[in-house]
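An overview of the molecular structure
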Amino acid sequence: MSIELPPGTAAYSKRNPPPQNRQLLVFLGWFIGTVITIVWVAGWIASSLVWWIPPRVEQQLGQVIVPTYEALAQPSATQESLNTLLDRLEAHLSDDLHAGRDYQVLYIPDETVNAIAIPGDRVIIYQGLLQEMDSENELMMVLGHELGHFANRDHLRGLSRRLAVQLVLATVLGDAGSIGAIASSATSIVANAQFSQQQEYQADEIGLQLLHQEYGQVAGATDFFAELAQKQGVDLAILATHPASAKRVQRLEQLIQKNGYEIGERSPLPGSLK
Ligand SMILES: [Zn+2]
């Protein structure tokens, strides 16, 4: 005797998994979707929160990160000269960007061609980058660009976003051990923070403004970035952390025109930086 299935009842086959399996798939999909959403929301909140991180907390973060770079840096005439240049730009910063802060250069004698803004108000300048500089103005534009990253809080944005995502993952997965590891990975996150094209444009804009305030003209504003744009495809650290392109140079040129900035003479590099 055969059993008749009521009409509309699907027979189980490979294409229609039994209800237990289907429920499991739905649950898994729901779980993965929830984790992705939480991670995304936490990242978004963290990146918005950077504006409310008080300088005091930033300094504490700096206390973890700065010593690693200090150990590599050399107190030298070169570092002093770089600091003198940075001080000149700092003097033009508005009060809200300047109050309670003292930006300082750490000069690292290493062939790496890069400059990094790190929590703790330090600008890392590598020897490899300095060697690419042909004028004081060109160097000032790079320093101004790094101050621009501080002004836009880019140095915290990348850090807090990635740390937040890692923290959420560690919490959801119940992996308490990795939370401790997160703090120690902060330094490498800072070194490898990759800025978006938009963040670069905004930092360039502040750099250009500072250059104009310092010299009353903007010679050298595009020198380094134009050089970098030609080196696309070359393995340079600075291209990984600060994406450069011909577009960036174009955009700077448009800004110069729009603001009616003049282009005058370039000043030579101070003796100790040649
Ligand atoms: Zn940059």
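This text gives an overview of the structure that appears in the document. (Residues numbered from 1 in each chain as written. Predicted model: local features only at pLDDT ≥ 70, side-chain atom pairs only at ≥ 80, totals over all residues. Heavy atoms only, no water.)

Let's shift gears to the overall build of the protein. Helix and strand content of the protein: twelve helices and three strands. Sorting the 274 residues of the protein into buried and exposed places 45% on the buried side. In the protein, of all internal contacts separated by at least 6 residues, the share reaching a separation of at least 24 is 73%. Entry remark: accessible area of the protein is about 14700 Å², with carbon and sulfur atoms responsible for 57%. (Helix = DSSP H or I, 4+ residues; strand = E, 2+ residues; numbered from the N terminus. Buried < 20%, exposed > 50% of the residue type's maximum accessible area, 1.4 Å probe, protein only. Contact = heavy atoms within 4.5 Å. Areas by Shrake-Rupley, 256 points an atom, 1.4 Å probe, with all protein chains shown as cover.)

With that settled, consider helix 12 (residues 246–259). End to end, helix 12 covers 20 Å across 14 residues, agreeing with the expected 20 Å (1.5 Å per residue, within 8%). Against helix 6 (136–151), helix 9 (197–215) and helix 10 (223–230) lie the buried residues of helix 12. Backbone geometry just downstream of helix 12 places Gly-260 in the positive-phi region, at approximately 65°. (Expected span 1.5 Å × (residues − 1).)

The subject of this paragraph is the environment of Val-105. Relative to the assigned elements, Val-105 resides in strand 1 (residues 104–108). Linking Val-105 and Asp-121, residues 16 residues apart in sequence, is a C-alpha distance of 8.7 Å. Apart from residues no more than four positions distant in its own chain, Val-105 is found in contact with Gln-79, Leu-82, Asn-83, Leu-86, Val-123, Ile-125 and Leu-143.

It is worth spelling out the pattern of salt bridges at this point. Taken as a whole and assessed by the stated rule, the structure comprises eight salt bridges. In this structure, Glu-200 engages Arg-248 in a salt bridge whose closest nitrogen and oxygen atoms are separated by 3.3 Å. Of this pair, Glu-200 sits in helix 9 while Arg-248 sits in helix 12, and the two are 48 residues apart along the sequence. Notably, a salt bridge pairs Asp-223 with Arg-266, separated by 2.7 Å at the nearest N-O pair. Placement of the pair is Asp-223 in helix 10 and Arg-266 in the segment after helix 12, with a sequence separation of 43 residues. (Salt bridge = Lys/Arg side-chain N within 4 Å of Asp/Glu carboxyl O.)

The values are spatial; any link to function lies outside them.
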